[in-house]
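Letter by letter, the chains look like this.
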Amino acid sequence: MRDGEQTPGVALTLEKKLLIARALDEMRVSVIEAGSAITSSGERESIKAVANAGLDAEICSYCRIVKTDVDRALDCDVDSIHLVAPVSDLHIRTKIKKDRDTVRYIAAEVTEYAKDHGLIVELSGEDATRADPDFLKAIYSDGIDAGADRLCFCDTVGLLVPEKTTEIFRDLTSSLKAPISIHCHNDFGLATANTVTALAAGAKQAHVTINGLGERAGNASLEEVVMCLEWLYKYDTGIRHEQIYRTSRLVSRLTGIPVSSNKALVGGNVFTHEAGIHVHGLLADKETYEPMSPEYIGRLRQIVLGKHAGRSSITLALKEMGLEADEAQTEEIFNRVKQMGDQGKHITDSDLQTIALTVLAIHKEPLVKLEEFTIVSGNRVTPTASIKLNVKDKEIVQAGIGNGPVDAVINAIRGAVSSCAEDVVLEEYHVDAVTGGTDALVEVRVKLSKDGKSITASGARTDIIMASVEAVMNGLNRLIWEE
Ligand code: MN
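So, here is what we can say about the structure in this document. (Residues numbered from 1 in each chain as written. Predicted model: local features only at pLDDT ≥ 70, side-chain atom pairs only at ≥ 80, totals over all residues. Heavy atoms only, no water.)

1. Here we look at the coordination of the manganese ion
As a reminder of what qualifies: Water is absent from the atoms considered, so a metal site may look incomplete; donors are defined as N, O and S atoms within 2.8 Å of the metal, or 3.2 Å for Na, K and Ca. Burial classes: relative accessible area under 20% of the type maximum marks a residue as buried, over 50% as exposed, and values in between as partly exposed (1.4 Å probe, protein chains only).
Distances from the manganese ion to its protein donors, namely Asp 3 (OD), His 183 (NE2) and His 185 (NE2), fall within the range 2.0 to 2.3 Å. Sequence spacing of the donors to the manganese ion: D-x179-H-x1-H. The class for His 183 is buried, based on a relative accessible area of 5%. On the basis of relative accessibility, which here comes to 4%, the residue His 185 falls in the buried class.

Encoded structure:
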């Protein structure tokens with residue numbers, strides 16, 4: 001919650017921090033770095049609230065090697081501090097404008113100060129990857145002498161590679177008498193690999209963020225590191241992995257940072273299969289195209305139809321829904337699915353069901369057919385619709401106005417069919433975007449009545465007006481049929 005919050009554009013309020021902290025605690029995360037106490041009074045209020053929320057996790061504040069930082073952390077009632085000392089010459093000279101010996105001395109001094117005030121101290125070497133290894137070990141061992149409980153190796157700008165990680169961690173863990181953490185950044189996409197490698201070479205703790213949030217390319221992500229260990233290395237992390245997905249969603253929602261659809265484990269498409277060859281494989285055995293069961297991280301498998309869908313997968317999907325379609329109907333459903341697929345949309349089960357039900361209703365040889373319609377709408381015109389219908393093989397042209405384009409076109413339809421279906425009343429009108437986004441499939445459900453008899457009907461299109469027209473036409477046809 002500290003490095004993750006350093007994602008550009010992310011600032012968490014107290015309420016949001018508490019929600020995330022509770023989710024992390026429920027998931028059994030051992031240490032929660034709740035923020036950096038020196039930042040602001042608002043940040044201190046948030047950290048304090050997290051520290052006093054009665055969580056099982058150790059609550060930690062980030063601190064620079066400055067006593068005031070430690071004082072502010074103490075104000076927040078935290079259990080521990082992540083005490084960060086710059087260790088590369090680049091950081092020492094340009095960032096804090098000091099020299100190696102001074103940094104080494106201050107780091108030990110502040111560690112001792114924090115220990116004297118009852119804090120657990122994790123002494124971190126910032127930009128350790130680019131530091132002189134001997135100096136790094138010197139600052140760590142002085143820290144241990146000053147009472148540091150843990151150490152941390154920060155690959156601050158993501159320059160580690162797995163081979164080097166192994167070398168470094170074998171050396172550090174064999175020569176230093178305190179547990180060492182690994183803190184990786186994902187600038188070259190190696191954060192998870194380096195983190196897992198460090199753990200295999202003796203690191204005792206890993207710094208991670210949900211969804212890999214963090215500055216630039218982000219930090220090592222909790223979900224990837226945990227699932228690599230759990231699934232690939234068969235190591236029990238103690239993390240309640242079935243809560244991973246919902247925590248990922250929570251953090252995405254609260255930070256406003258979307259998770260890319262192909263993000264490992266938590267991306268939108270990771271357990272989604274587009275009907276076609278893969279689905280046939282999946283139906284035979286789920287393992288054919290799935291590395292792990294989605295339920296393990298609290299997800300569900302989703303099969304969608306898109307532009308790769310075949311007629312057979314549509315027939316199969318319809319059968320699973322308990323729907324039977326003849327050849328012509330299947331063809332029409334197939335065409336609509338393909339059309340949506342070509343527009344880049346995935347078609348979910350409910351989309352397919354909506355399409356299928358609509359098509360199945362339409363194919364009852366309608367008495368009233370739509371030939372064409374035109375709508376004019378805008379902020380300075382009265383919404384006006386003109387419509388051409390084929391009613392019992394007779395062409396009828398009608399215009400209508402309304403308080404909006406949908407109202408106008410429905411009025412035009414009512415006018416056009418008044419000869420065969422008088423006094424039709426639109427009693428209810430509902431719109432649902434079945435899938436998200438402005439290019440979503442829209443489902444319109446209507447309730448029409450005539451002479452006290454009412455029926456419901458629906459239409460599904462990506463165009464809201466088309467969907468409305470379709471719903472009303474379906475309803476009208478059913479009313480006329482029943483009459
Ligand atoms: Mn970092």
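From this point, the discussion proceeds with the structure in view.
2. Details of the sheet that holds strand β10 (residues 368–376)
Rules: Pairing between two strands is assigned when DSSP locates at least 2 bridges connecting them. Labels follow the DSSP assignment, with helices taken as runs of H or I lasting at least four residues and strands as runs of E lasting at least two, numbered in each case from the N terminus. All axes here are fitted lines through C-alpha atoms, helices being fitted over the stretch that makes contact, and every angle between N-to-C directions spans 0 to 180 degrees. Whether two residues are in contact is decided by their heavy atoms: any pair within 4.5 Å suffices.
Spatially, 3 strands are ordered β10-β11-β12 in an open sheet, and the strand pairing comes out antiparallel. Two strands in the sheet have a free side with no partner beyond their single neighbour: β10 and β12 (394–401). Shown here is a sheet whose adjacent strand axes are inclined to one another by a mean of 15°, direction ignored. Of the pairings in the sheet, the one linking strand β11 (residues 384–391) to β12 comprises 8 bridges and is antiparallel in character. What sits directly across from Ile 387, in β12, is Gln 398. Along the sheet, helix α15 (residues 405–416) makes contact with β10, β11 and β12, crossing β12 at roughly 140°.

3. Considering the environment of Asp 463
What counts, and what does not: Whenever a nitrogen or oxygen atom comes within 3.5 Å of another N or O atom, the pair is scored as a polar contact, on the condition that within protein one atom can donate a hydrogen and the other can accept it, and that pairs from neighbouring residues in sequence are kept only if both atoms are in side chains.
Along the chain, the position of Asp 463 falls in the loop between β15 (453–461) and α16 (464–482). For the pair Asp 463 and Asp 439, spaced 24 residues apart in sequence, the C-alpha to C-alpha distance is 8.4 Å. Of note is the side chain of Asp 463, whose polar atom sits 2.8 Å from the backbone nitrogen of Ile 465. Of note is the side chain of Asp 463, whose polar atom sits 3.1 Å from the backbone nitrogen of Met 466.

4. Description of the side chain of Ser 248
Mapped onto the fold, Ser 248 is located in helix α10 (residues 244–255). Since its relative accessible area comes to 1%, Ser 248 is described here as buried.

5. Details of the side chain of Ser 88
Here Ser 88 lies in the loop between β3 (80–86) and α4 (89–95). Using a relative accessible area of 1% as the deciding quantity, one classes Ser 88 as buried. Sequence-distant contacts of Ser 88, that is, excluding residues within four places in its chain, are made with Glu 126, Asp 127, Arg 130 and Ala 131.

6. Here we look at the pairing of strand β5 (residues 150–155)
Going by this rule: With the strands pointing away from the viewer, any crossover whose connection runs clockwise from the first strand over the helix to the second is right-handed.
Buried residues dominate β5, accounting for 6 of its 6 residues. Neither face of β5 is left uncovered, since the one carrying Arg 150, Cys 152 and Cys 154 and the one carrying Leu 151, Phe 153 and Asp 155 both have all their residues buried. Pairing of strand β4 (residues 120–126) with β5, which is carried by 4 bridges, proceeds in the parallel orientation. By the bridge assignment for β5, Ser 124 is matched with Cys 152. Tracing the backbone out of β4, into helix α6 (residues 133–145) and back to the parallel element β5 gives a crossover that is right-handed.

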